[in-house]
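Each chain is listed here by its residues.
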Amino acid sequence: MKNVLQEIIQKNKQREREAALVRQAEIDNAETPDNRRSFLKKTALGGLSLAGLMSLSFEDSMAQTTSKVQKASAPSDLKITDMRYCLTGVMGGTAIIRIDTNQGIYGLGEVRDAADPRYALMLKSRILGENPCNVERVFKIIKQFGGQGRQAGGVCAVEMALWDLCGKAYNVPAWQLLGGRYRDTVRIYADTPESPDLEVFKERVKYRTVEQGYTWLKMDVSINVLRDIPGTLVNQAFWRSNGSQFSGDFMSYANARHPFTGIQVTEKGFEILAQRVADVRAVVGDEIPMSTDHYGHFDLNNMIRLGKSLEKYRLAWLEDMVPWQYTEQHKTITDALETPTTTGEDIYLLENCKPLIDVHAVDIIHPDLASSGGLLETKRIGDYAEEKGIAMAMHQAGTPVSFMANVHCAAATQNFLALEHHSVDLPWWEGMVKTTDGRKLIDKGFAPVPLSAPGLGIELVDDVVKQHLDARDASYFAPTKEWDMKRSHDRTWS
């Protein structure tokens, strides 16, 4: 028995020497993050002297020799120790957060585009000391602090980072933790910004389809195209003096919901919008799905007329024709048209999607994972919609962090159609991260699903991200001690 044990000890010593060389190589690598380097140094100091094994039983010896093995981390002992952020220049200001732990591994998440990073920072005091692998438990702690649209950004950012951490801790991709995958690649639809110049617009379409290889497009069919064309809009003066559909004060067109603007489109206006779609369809052909969005704020009667004028072009969907809260109006539009309808990018949680799904008010549910509640809640939305015969597409307009969170969720959801990519024209966007398994982030209009890379499967390229920070905040994962202290009693019931 003693000879057997000696042989085991010698083999383990050899393994330790080999492991030490690999560990030291990673420590010496200039690209190894400081927190990872610190973690590796600590594991080097925490080894067990094998000489002491001679006095142990064979079973005890084997238990001791494997007790310090670090395949990824010690998940049950993980604790959240910090949350920091940087504000990127993507989409006018999109924050990436980093949640650190006591074991040197970290998780990345993203606050939705145009949302304040403080939506996430105010959650820091609620999650410090928690085990990030208890994803659902932590989500329930912070869930009450999310709201519709951008107000959900902080909760969703934390949830993304927890799945990244949990995947790294257990050394599996995030999709595996969601129940497995249905696909190896995720189809992307490329958003195509409108232009008053039709030739410029056609060039953008050509760039996406011919040069980049996208097989699904989305375009705006907006009354913004009509604003300088006489005889196309009713009540145009009111609209033009009070902002656009995206910006303005709280007395502006931008903040009046569709039924309350008094704006109508004339027959001439409908003909021009239909011709715009016809021109693009002629460029891309009949086989590429084309979705439409951002029509402008006018009522459901005009929306139905617009939808009917576009039906012959077989659009993939008509998106957000009225605010998502108006379930009955969506149902009226959907019942009136043959073209599929969709909404959902500003809805927080499955419970708020259910009214639309239950009555089939839309044909496709369209959550934004950075608003809907994160990876698991979005999968739940997709699964619930699937039970009702409704497909799911996914809205995404952020950095590669939320993009990859969406890829994992899409891979794990069977009724998924396509994922939006809103930054096709930013040449540096993909370079903000590197994949941890060497795959391409996007390959000819599809996102390869990381089959073995743990967590979200990406790391930030610090130099690139630093070059593209928002001008309003040049800090880069600076300390956030001022957010450590919890200052309220949060329970919502007595």
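Use the structure listed above.
This is a predicted model, so every value here is computed, not measured.

Another aspect to go through is helix 16 (residues 375-387). Taking 1.5 Å of rise per residue, the 13 residues of helix 16 would be expected to cover 18 Å, and the 19 Å separating its terminal C-alpha atoms lies within 8% of that figure. Among the residues of helix 16, Leu375, Glu377, Thr378, Lys379, Ile381, Gly382, Tyr384 and Ala385 are the ones counted as buried. One or two steps after helix 16, the chain reaches glycine 389, where phi turns positive at roughly 80 degrees.

Side-chain pairing between opposite charges can occur once the charged atoms of the two side chains come close. Summed over the entire model, instances satisfying the criterion amount to 33 salt bridges. Here lysine 218 ties to glutamate 319 by a salt bridge, and the two come within 2.8 Å at their closest N and O atoms. Taken together, the residues span a long stretch of sequence, with lysine 218 in strand 5 (residues 217-220) and glutamate 319 in strand 9 (residues 317-319) at a distance of 101 residues. Accessibility classification places lysine 218 together with glutamate 319 in one group, the buried group. Close ionic contact of arginine 439 with aspartate 437 constitutes a salt bridge, the shortest N to O distance being 2.5 Å.

Orientation of helix 11 (residues 267-284) relative to helix 12 (residues 300-310), taken along the N-to-C sense of each, is 45 degrees, at an axis distance of 9 Å. Judged by the inter-axis angle, helix 11 sits oblique to helix 12. As helix 11 packs across helix 12, the resulting crossing turns out to be right-handed. Between helix 11, through Glu267, Phe270, Leu273, Ala274 and Val277, and helix 12, the contact on the second element is made entirely by Asn302, Arg305, Leu306, Ser309 and Leu310.

Attention shifts here to the pairing of strand 13 (residues 416-421). The element strand 13 is largely enclosed, with a buried count of 5 among its 6 residues. As paired strands, strand 4 (residues 185-192) and strand 13 are joined by 3 bridges and run parallel to one another. By the bridge assignment for strand 13, tyrosine 189 is matched with glutamate 420. Strand direction decides the pairing type here: strand 12 (residues 391-394) and strand 13, joined by 2 bridges, are parallel. In the sheet register, methionine 394 faces strand 13, and the bridge partner there is leucine 419. Following the backbone out of strand 12, through helix 17 (residues 400-411) and into the adjacent parallel strand 13, one traces a crossover that is right-handed.

Taken as a whole, this structure holds 4 aromatic pairs when the rule is applied. Ring centres 5.2 Å apart and planes at 85 degrees place the aromatic pair tyrosine 189 and tryptophan 317 in the edge-to-face group. Here tryptophan 317 lies in strand 9 and tyrosine 189 lies in strand 4, a separation of 128 residues in the sequence. Grouping residues by exposure puts tyrosine 189 and tryptophan 317 together as buried. Consider the rings of phenylalanine 403 and tryptophan 429, whose centres lie 5.5 Å apart with planes at 90 degrees: the pair is edge-to-face. Of this pair, phenylalanine 403 sits in helix 17 while tryptophan 429 sits in the loop between strand 13 and strand 14 (433-435), and the two are 26 residues apart along the sequence. Among the residues examined, tryptophan 429 registers a relative accessible area of 0% and is labelled buried. Put simply, the rings of Tyr189, Trp216 and Trp317 touch in pairs and so form one group of aromatic residues. Positioned above the aromatic ring of phenylalanine 201, the side-chain terminus of arginine 276 is 5.6 Å from the ring centre. Residue placement shows lysine 354 over the ring face of tyrosine 384; its charged tip is 5.1 Å from the ring centre.

A few words on the sheet that holds strand 2 (residues 94-101). Strand order in this open sheet of 3 strands is 1-2-3, and the pairing throughout is antiparallel. Of all strands in the sheet, those bounded by a partner on one side alone are strand 1 (80-88) and strand 3 (106-110). Sheet twist, expressed as the mean angle between neighbouring strand axes with direction ignored, is 20 degrees. Taken together, the 5 bridges between strand 2 and strand 3 define a ladder with antiparallel strand orientation.

Helix-helix packing is described using two parameters, namely the angle between the two axes and the distance between the axes. Contact geometry for helix 16 and helix 17: axes closest at 9 Å, N-to-C directions at 40 degrees. With respect to helix 17, the element helix 16 is oriented oblique. Between helix 16 and helix 17 lies a crossing whose hand is right-handed. Of the residues in helix 17, those in contact with Leu375, Thr378 and Lys379 of helix 16 are Ala405, His408 and Cys409. Residues that form the contact of helix 16 with helix 17 fall into these classes: 3 nonpolar, 2 polar and 1 charged.

Our next topic: empty space enclosed by the protein. Sizing a probe to match a water molecule and rolling it over the atoms shows the empty space that remains. Tallied over the entire structure, the rule returns 2 cavities of 30 Å³ or more. Space inside the largest cavity adds up to approximately 50 Å³. Together, Val135, Glu136, Phe139, Glu159, Trp163, Gly373, Leu376, Glu377 and Arg380 line the largest cavity. Listed by contribution, the elements that provide at least two residues to the lining of the largest cavity are helix 6 (135-142), helix 7 (153-170) and helix 16. Lining the second largest cavity are Glu110, Arg112, Asp113, Asp368, Ala370, Gln396, Ala397, Gly398, Ser402 and Asn406.

So, how was this worked out
- Residues numbered from 1 in each chain as written.
- Predicted model: local features only at pLDDT ≥ 70, side-chain atom pairs only at ≥ 80, totals over all residues.
- Heavy atoms only, no water.
- Helix = DSSP H or I, 4+ residues; strand = E, 2+ residues; numbered from the N terminus.
- Expected span 1.5 Å × (residues − 1).
- Buried < 20%, exposed > 50% of the residue type's maximum accessible area, 1.4 Å probe, protein only.
- Salt bridge = Lys/Arg side-chain N within 4 Å of Asp/Glu carboxyl O.
- Axes fitted to C-alpha atoms, helices over the stretch in contact; angles between N-to-C directions.
- Parallel < 35°, antiparallel > 145°, perpendicular 65-115°, else oblique.
- Left-handed = near helix turned anticlockwise from the far one by under 90°.
- Contact = heavy atoms within 4.5 Å.
- Pairing = 2+ DSSP bridges.
- Right-handed = clockwise from strand over helix to strand, strands pointing away.
- Phe/Tyr/Trp six-rings, centres within 6.5 Å; stacked < 30°, edge-to-face > 60°.
- Lys NZ or Arg CZ within 6 Å of the ring centre and 35° of its normal.
- Nonpolar A, V, L, I, M, F, W, Y, C, P; charged D, E, K, R; others polar.
- 1 Å grid on protein atoms, 1.4 Å probe; cavity = no way out; pocket = protein on both sides within 12 Å on 5 of 7 lines; lining within 4 Å.
- Points joined across faces, edges and corners; volume = space filled by probe spheres on them.

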